[in-house]
Amino acid sequence: MLARCLVAFLAVSTAVQAQDLPTDGVVIFESNTPMEAVQIMRLDLATGQLVVEASGENPFASGEEIVFISRCGEFSLDAAISIADADGFTSTLPDVCDPDATGGRLNTPVMSPDGQVIAVNDPVLQDKDALLSVIGTDGLRVYAREGTHLAEPPGFAHPGFDSEGRLYASGTGQVEGISHGIYRFDATYANAERIDDGRLNGPLWSTRLHPDGDKIGFVFNGAIFRMSLETGVPERIVRSAVPIAWMDISPDGEGVVDVSTDPLDEAIADDDEGYPLHFVSADGDARYMLTFIPGGPLNWIAD
């Protein structure tokens, strides 16, 4: 499948090379293909080259490091937080793998720009033996790099850090007092205030801070939105006939990559192709398919 992804990338890039497509940077994602081991992949946007970074899932790059979820026990939901450096060497945060405490598989970790703080989703499962019984995301877990547990705010999902290390997340609507919307945390990571204008009344996915530090991007109702952190007014910039699940903003803030798939059902990717990866101009006026990839979430970083 990965070989087909490369062929598709080269064919699509050649067909639309006259357009203003991205030529710099790397997209990090997971190879979530049925019946295959989950691996973290790196796609070079200039050449279409695909390489394996590590064995794991839900990668997020910060500088030259990648934080991701790895297995830490015999059961498929037993998860740990690992970090891969620029040379591919991996370390795991100590004392994080605790299925009885976390309730299930941790997912979608993010790392602060200085690499010292990690926030991760902690999902709630009705029954660990029933793999499809996910009933929602209960909250976040925030750790110091050395593994110290800093906070556990309930009712939040899809965390993200801005350039100054402030933590943002979306509300899940599952905890009293925490509605759907965009929230900003204080320095303790335990308290948050809602900063959007109140119109975001459903689940948000793929929260990403803009490189300029004054906007946030996310997926809402299958479309890509951006919002000023000062005004809290969301603006839809991209929508698609097929709901968008994951997105990320380019390192220079001049574009977006997205993948169209159901974020709760990634395991049904087409074995022959995968999911379409698109490039979107910063204003949302142009959207082009680049290639097919096995899954999400996405992370667009500088090369």
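Here the structure is shown first, and the text comes after it.
Residue positions are given per chain, counted from 1 along the sequence in the order it is written. Local features are withheld for residues below a pLDDT of 70 in this predicted model, meaning they are given only at 70 or higher, and side-chain atom pairs are given and counted only at 80 or more; totals for whole chains, interfaces and linings count all residues. Side-chain figures throughout are based on the complete set of non-hydrogen atoms in the structure, without hydrogens or water.

Participant: Describe in detail the overall build of the protein chain, supporting the description with residues and values.
Facilitator: Comment: elements are numbered from the N terminus, with helices defined as DSSP H or I runs of at least four residues and strands as E runs of at least two. Along its length, the protein chain carries two helices and 24 strands. Here's how the labels work: a residue is buried when its accessible area is under 20% of the maximum for its type, exposed when over 50%, partly exposed in between, all with a 1.4 Å probe on protein chains only. Per-residue burial for the protein chain yields a buried fraction of 54% across its 303 residues. Sequence separation of at least 24 residues holds for 43% of the intrachain contacts in the protein chain that already meet a minimum separation of 6. Only heavy atoms enter the contact rule, under which two residues are in contact if any of them lie within 4.5 Å.

Participant: How would you summarise the side chain of asparagine 107 if you had to cite specific residues and measurements?
Facilitator: If you trace the backbone, asparagine 107 turns up in strand 8 (residues 107–111). Here a polar contact is recorded for every N or O atom pair within 3.5 Å, except that within protein the pair must consist of a potential hydrogen donor and a potential acceptor, and residues adjacent in sequence are included only if both atoms are side-chain atoms. Within the local environment of asparagine 107, its side chain forms a polar contact with the side chain of threonine 108, the two groups lying 3.0 Å apart.

Participant: Can you break down the environment of valine 52 residue by residue, with the values?
Facilitator: Topologically, valine 52 is positioned in strand 3 (residues 50–55). Linking valine 52 and isoleucine 40, residues 12 residues apart in sequence, is a C-alpha distance of 5.9 Å. Residues within four places of valine 52 in sequence aside, it is in contact with Gln39, Ile40 and Met41.

Participant: Give a description of the sheet that holds strand 23 (residues 287–293) that names residues and reports values.
Facilitator: Paired strands, as defined in this entry, are two strands with at least two bridges between them according to DSSP. One open sheet accounts for four strands, arranged 20-21-22-23; its pairing is antiparallel. Each edge of the sheet is formed by a strand with only one pairing partner; in this case those strands are strand 20 (246–249) and strand 23. On average, adjacent strands in this sheet sit at an angle of 20° to one another, irrespective of strand direction. Where strand 21 (residues 255–259) lies against strand 22 (residues 275–281), five bridges are found, and the strand directions are antiparallel. Looking at strand 22, one finds that glycine 255 is bridged to serine 281. Axes here mean lines fitted to C-alpha atoms, for a helix over just the part in contact, with angles spanning 0 to 180 degrees between N-to-C directions.

Participant: Can you explain the packing of aromatic side chains? Please cite residues and give values.
Facilitator: Two aromatic rings, drawn from Phe, Tyr or Trp (for Trp, its six-membered ring), form a pair once their centres lie within 6.5 Å of each other, and the interplanar angle then sorts them: stacked below 30 degrees, edge-to-face above 60, tilted otherwise. Scanning all chains against the criterion turns up six aromatic pairs. When the centroid spacing of 5.9 Å and the interplanar angle of 5° are considered together, the rings of phenylalanine 218 and phenylalanine 225 count as stacked. Judged on exposure class, the residue phenylalanine 218 and its partner phenylalanine 225 are both buried. Three or more aromatic residues joined by ring pairs form one cluster here, namely Phe156, Tyr183 and Phe185.

Participant: How would you sum up the pairing of strand 19 (residues 234–238)? Please name residues and give values.
Facilitator: Strand direction decides the pairing type here: strand 18 (residues 223–228) and strand 19, joined by four bridges, are antiparallel. The partner of isoleucine 224 across the bridge, within strand 19, is valine 238. Where strand 18 folds back onto strand 19 in an antiparallel hairpin, the turn is made up of five residues, including glycine 232, whose phi is positive at roughly 75°.

Participant: Before we move on, can you summarise a negative patch on the surface with the specific residues and values?
Facilitator: A cluster of acidic residues, Asp24, Asp252, Glu254 and Asp303, forms a negative patch on the protein surface. In this fold, glutamate 254 is placed in the loop between strand 20 and strand 21. Exposure remark for glutamate 254: the relative accessible area of 54% places this residue in the exposed category. Patch criteria: residues need more than 30% relative accessible area and no salt bridge. Like-charged residues are merged within 9 Å; nonpolar side chains of Val, Leu, Ile, Met, Phe, Trp and Tyr are merged within 5 Å. Per-residue and other accessible areas follow the Shrake-Rupley method at a 1.4 Å probe size, with only the shown protein chains counted as cover for residues. In the sections that follow, a salt bridge refers to a side-chain nitrogen of Lys or Arg positioned within 4 Å of a carboxyl oxygen of Asp or Glu. Asp and Glu are treated as the negative residues and Lys and Arg as the positive ones, with His and the ends of the chain left uncounted. Where a charge lies is defined by one atom per residue type, namely NZ (Lys), CZ (Arg), CG (Asp) and CD (Glu).

Participant: Would you mind going over the sheet that holds strand 17 (residues 215–220) in detail, with residue names and values included?
Facilitator: As summarised here, the arrangement of the four strands in space is 16-17-18-19, forming an open sheet in which the pairing is antiparallel. Strand pairing shows two members of the sheet lacking a second neighbour, strand 16 (204–209) and strand 19, which therefore form its edges. When strand polarity is set aside, the average angle formed by the axes of neighbouring strands in this sheet is 30°. Alignment of strand 17 against strand 18, held across six bridges, turns out to be antiparallel. The residue bridging phenylalanine 218 from the neighbouring strand is phenylalanine 225, located in strand 18.

Participant: Describe the nonpolar core, naming the residues involved and giving the relevant values.
Facilitator: Joining through side-chain atoms within 4.5 Å is the link that ties buried Ala, Val, Leu, Ile, Met, Phe, Trp, Tyr and Cys residues into a set, and such a set is a nonpolar core. Ranked by size, the top nonpolar core spans 27 residues in total, and within it Ile81 and Leu167 carry the most contacts. Those elements that place two or more of their residues in this core are strand 5 (65–71), strand 6 (79–84), strand 8, strand 9 (117–125), strand 10 (134–144), strand 12 (156–161), strand 13 (167–171) and strand 14 (181–185). Sorting elements by how many residues they give to this core places strand 9 first, with four residues. One finds Trp246, Leu277, Leu298 and Trp300 within the second-largest nonpolar core, a separate group that totals 18 residues.

Participant: Please give an account of the pattern of salt bridges that cites residues and values.
Facilitator: Scanning the model with the defined rule gives 14 salt bridges in all. Arginine 141 is the partner of aspartate 122 in a salt bridge, and the nearest nitrogen-oxygen pair spans 3.1 Å. Of this pair, aspartate 122 sits in strand 9 while arginine 141 sits in strand 10, and the two are 19 residues apart along the sequence. Here arginine 199 ties to aspartate 197 by a salt bridge, and the two come within 2.9 Å at their closest N and O atoms. Here aspartate 197 falls in the partly exposed class, since its relative accessible area comes to 34%. In this structure, a network of salt bridges that share partners links the residues Asp122, Arg141 and Glu152.

Participant: Can you break down the pairing of strand 4 (residues 57–62) residue by residue, with the values?
Facilitator: Here is the key point about a regular strand: its side chains alternate between the two faces of the sheet. Counting buried positions over the six residues of strand 4 gives six, a clear majority of the element. Note that strand 4 and strand 5 share four bridges and pair antiparallel. Each bridged residue has a counterpart across the sheet, and for alanine 61 the counterpart in strand 5 is isoleucine 66. Connecting strand 4 to the next strand, strand 5, in antiparallel fashion are two residues, including glycine 63 with a positive phi near 65°.

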